[in-house]
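Residue-level listing of the chains:
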Amino acid sequence: MIKRYFVRTRSIEEGMRIDQHIKDRLDRTLIARGTILDQYMIQSLQKLGIAGIYVSEGEEEPAPEEKEPPLPPEIQRTVDKTRKEDPAKVRLSESLKQRVSTGMQYLYNNTDDGHFANTSARITNDLMKAINDNAAIAVDINALKTSDEYTFKHSVDVATMSMIIAKNMGYSQDDIYNIGLAGLLHDIGKSKVPLEILNKPAKLNDEEFAVMKKHTIFGYEIIKEKENFSKTIALAVLQHHEKMNGKGYPLGITSDKISNFAKILSVVDVYDALVTERPYKKGLSQRTSIEMIMSMTEELDMKAMKTFFKTVILYPVDSTVELSNGEKARVVGNNDGSVLRPTVVSTSTGKVYNLTEDLSCANILIV
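Everything in this summary refers to the structure shown in the same document. (Residues numbered from 1 in each chain as written. Predicted model: local features only at pLDDT ≥ 70, side-chain atom pairs only at ≥ 80, totals over all residues. Heavy atoms only, no water.)

1. Quick word on unusual backbone geometry
Trans is the prevailing form of peptide bonds, just as negative phi is the prevailing case for residues other than glycine.
So, step 1. The linkage connecting Tyr249 with the following residue, Pro250, adopts the cis geometry, with an omega of 10°.
So, step 2. One non-glycine residue, Ala135, lies in the positive phi region at around 45°.
So, step 3. Tracing the sequence through the fold places Ala135 in the loop between helix H4 (116-133) and strand E6 (139-140).
So, step 4. Given the relative accessible area of 47%, Ala135 is considered partly exposed.
So, step 5. One non-glycine residue with positive phi stands out, namely Asp318, at about 85°.
So, step 6. In this fold, Asp318 is placed in the loop between strand E7 (312-313) and strand E8 (320-322). (Helix = DSSP H or I, 4+ residues; strand = E, 2+ residues; numbered from the N terminus. Buried < 20%, exposed > 50% of the residue type's maximum accessible area, 1.4 Å probe, protein only.)

Right, here's the structure in full:
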């Protein structure tokens, strides 16, 4: 049961959970409802002159989970026999998601503040710890949501996926950390784009898009002025919209001049933008987005793309999917690099479909 009560700002203690949104004069959320307050946030509330806030404690009663009916014993035996655990996946706790979301809101609202570098480092360290704590080498892309606000969610998605891709490509811990910073800050230049363009609930016209494209330059200028960030991070932010064939922006350079960090960020940035719903467009399905990435061989780096496909898990083991032949099936194993074609067991017949290796399954898709 949740208990809600009012606390004077001077009496707030670290670890309390705020039960209201704190917004700035432009109606942007600075601290989201449900955030666990730390000392920095408490000091920020005091600086804003807020007299008091509502906090809550306790937990809501969880809604009862809808359980799938058990499989017939003979089919369950087939599932158990063929089941192969997914690789270790990064897991972000709810408290971590809240801290990260609040930190991202601060960064976008305070690019010139002295705490900018420390906050960026704290978020990246949190993500790094989440990856290292469970030796993660994969991402369940259904489970990353950190915020309802597109820019913050997108930045954390890009950072997390890029860090694991870099890990799987054999990068050092320092490089994994730095690409995490670059992922978090790759769109920080959007904080300098006029709000009427940034929040337009329709497709941008050519003039507006020309302004939007400048966010890569704005971001580069924000970061290169700060002593705590390497040139590698600034360059990745500048180049994350460049394409291997020279048809990207802002410089229109080809693959030999694009940094390795930017090549990784570009793949993840495109994917996450495709699947995310915006006011002016519906998000594409994950399957369609993966297929579009596969078609971009002239624009995206092949090594980064292939590692991306080995890193993301679209259909986690034990999930139930529907096949194009009309059957429902239980996922029993993901096949290396074949993100769209796992091995599944029909829940009605017990037949095993290895959608990657079995040529007789070539015309069967997960729908």
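After that view, the rundown keeps rolling.
2. Structural notes on the packing of helix H10 (residues 231-239) against helix H11 (residues 260-275)
The relative placement of two packed helices is expressed as an angle between their axes plus a distance between the axes.
So, step 1. Axis separation between H10 and H11 bottoms out at 8 Å; the angle between their running directions is 45°. Taken together, the axis directions place H10 and H11 in an arrangement best described as oblique. H10 and H11 meet at a crossing whose hand is right-handed. Counted together, Thr232, Ala236 and Gln239 of H10 and Phe261, Ala262 and Leu265 of H11 form the full contact between these two elements. (Axes fitted to C-alpha atoms, helices over the stretch in contact; angles between N-to-C directions. Parallel < 35°, antiparallel > 145°, perpendicular 65-115°, else oblique. Left-handed = near helix turned anticlockwise from the far one by under 90°. Contact = heavy atoms within 4.5 Å.)

3. Topic: the pattern of salt bridges
So, step 1. Inspection of every chain in the model, using the stated rule, returns 13 salt bridges.
So, step 2. Across the pair Lys257 and Asp256 runs a salt bridge whose closest N-O atoms are separated by 3.5 Å.
So, step 3. Each of Arg4, Asp19 and Arg33 takes part in salt bridges that share partners, so that together they form one network. (Salt bridge = Lys/Arg side-chain N within 4 Å of Asp/Glu carboxyl O.)

4. Comments concerning H11
An α-helix turns once every 3.6 residues. As a result, residues three or four positions apart point the same way.
So, step 1. Here H11 spans 24 Å end to end across 16 residues, near enough to the 22 Å set by a 1.5 Å rise per residue.
So, step 2. Counting buried residues along H11, 13 of its 16 residues qualify, which places the element largely inside the surrounding structure. (Expected span 1.5 Å × (residues − 1).)

5. Digging into the packing of aromatic side chains
So, step 1. All chains considered together, the criterion is met by six aromatic pairs.
So, step 2. A ring pair is formed by Phe209 and Tyr249, whose centres lie 6.3 Å apart and whose planes are at 80°; its orientation type is edge-to-face. Highlighted residues: Phe209 in helix H8 (residues 206-212) and Tyr249 in the loop between H10 and H11, separated in sequence by 40 residues.
So, step 3. Given a relative accessible area of 16%, Tyr249 falls into the buried group.
So, step 4. When the centroid spacing of 5.4 Å and the interplanar angle of 55° are considered together, the rings of Tyr271 and Phe308 count as tilted. Of this pair, Tyr271 sits in helix H11 while Phe308 sits in helix H13 (residues 302-311), and the two are 37 residues apart along the sequence. (Phe/Tyr/Trp six-rings, centres within 6.5 Å; stacked < 30°, edge-to-face > 60°.)

6. Things to note about the sheet that holds strand E1 (residues 3-8)
So, step 1. If you walk across this open sheet you meet the three strands as E1-E5-E2, and the pairing is antiparallel. Every interior strand has two partners, whereas the edge strands, E1 and strand E2 (17-18), have only one.
So, step 2. As paired elements, E1 and strand E5 (residues 52-57) share six bridges and run antiparallel to each other. Bridging from a neighbouring strand, Phe6 pairs with Tyr54 of E5. (Pairing = 2+ DSSP bridges.)

7. Observations regarding the nonpolar core
So, step 1. Within the largest apolar cluster, 73 residues are counted, with the highest numbers of intra-cluster contacts made by Met104, Leu127, Ile290 and Phe308.
So, step 2. Examining the composition of this core, we find that nine residues originate from one element, helix H5 (residues 150-168), more than from any other.
So, step 3. When residues no more than four places from it in sequence are discounted, the contact partners of Phe308 are Met161, Ile165, Val267, Val268, Tyr271 and Ile290.
So, step 4. Membership of the second largest hydrophobic core comes to 12 residues, among which are Ile22, Leu37, Met41 and Ile53. (Core = buried A, V, L, I, M, F, W, Y, C linked by side-chain atoms within 4.5 Å.)

8. Describing helix H6 (residues 173-185)
So, step 1. Spanning 13 residues, H6 covers 19 Å between terminal C-alpha atoms, matching the ideal 18 Å at 1.5 Å per step.
So, step 2. Taken as a whole, H6 has its buried residues at Ile176, Asn178, Ile179, Gly180, Leu181, Ala182, Gly183, Leu184 and Leu185.

9. Remarks on the pairing of strand E9 (residues 328-335)
So, step 1. Counting buried residues in E9 gives seven out of eight residues, a clear majority hidden from the surface.
So, step 2. Looking at chain direction, E8 and E9 are connected through three bridges and run antiparallel. For Glu322, the partnering residue across the bridge sits in E9 and is Lys328.
So, step 3. The hairpin formed by E8 and E9 contains five residues between the paired strands, and Gly326 there has a positive phi angle of roughly 95°.
So, step 4. Taken together, the five bridges between E9 and strand E10 (residues 338-346) define a ladder with antiparallel strand orientation. The residue of E10 that forms the bridge with Ala329 is Ser346.
So, step 5. Here E9 hands over to E10 after two residues, with Gly337 in that stretch at a positive phi of 80°.

10. A look at the sheet that holds strand E11 (residues 352-354)
So, step 1. With respect to topology, four strands assemble into an open sheet ordered E8-E9-E10-E11, the strand pairing being antiparallel. Only two strands of the sheet have a single neighbouring strand rather than two, namely E8 and E11. Each strand axis lies, on average, 45° off the axis of its neighbour in the sheet, ignoring direction.

11. Considering the environment of Ala236
So, step 1. Inspection of the secondary structure assignment puts Ala236 in helix H10.
So, step 2. With relative accessibility at 0%, the residue Ala236 sits in the buried group.
So, step 3. Distance in space between the C-alpha atoms of Ala236 and His186 is 7.4 Å, their sequence separation being 50 residues.
So, step 4. Sequence-distant contacts of Ala236, defined by excluding residues within four places in its chain, comprise Ala182, Ser259, Phe261, Ala262 and Leu265.

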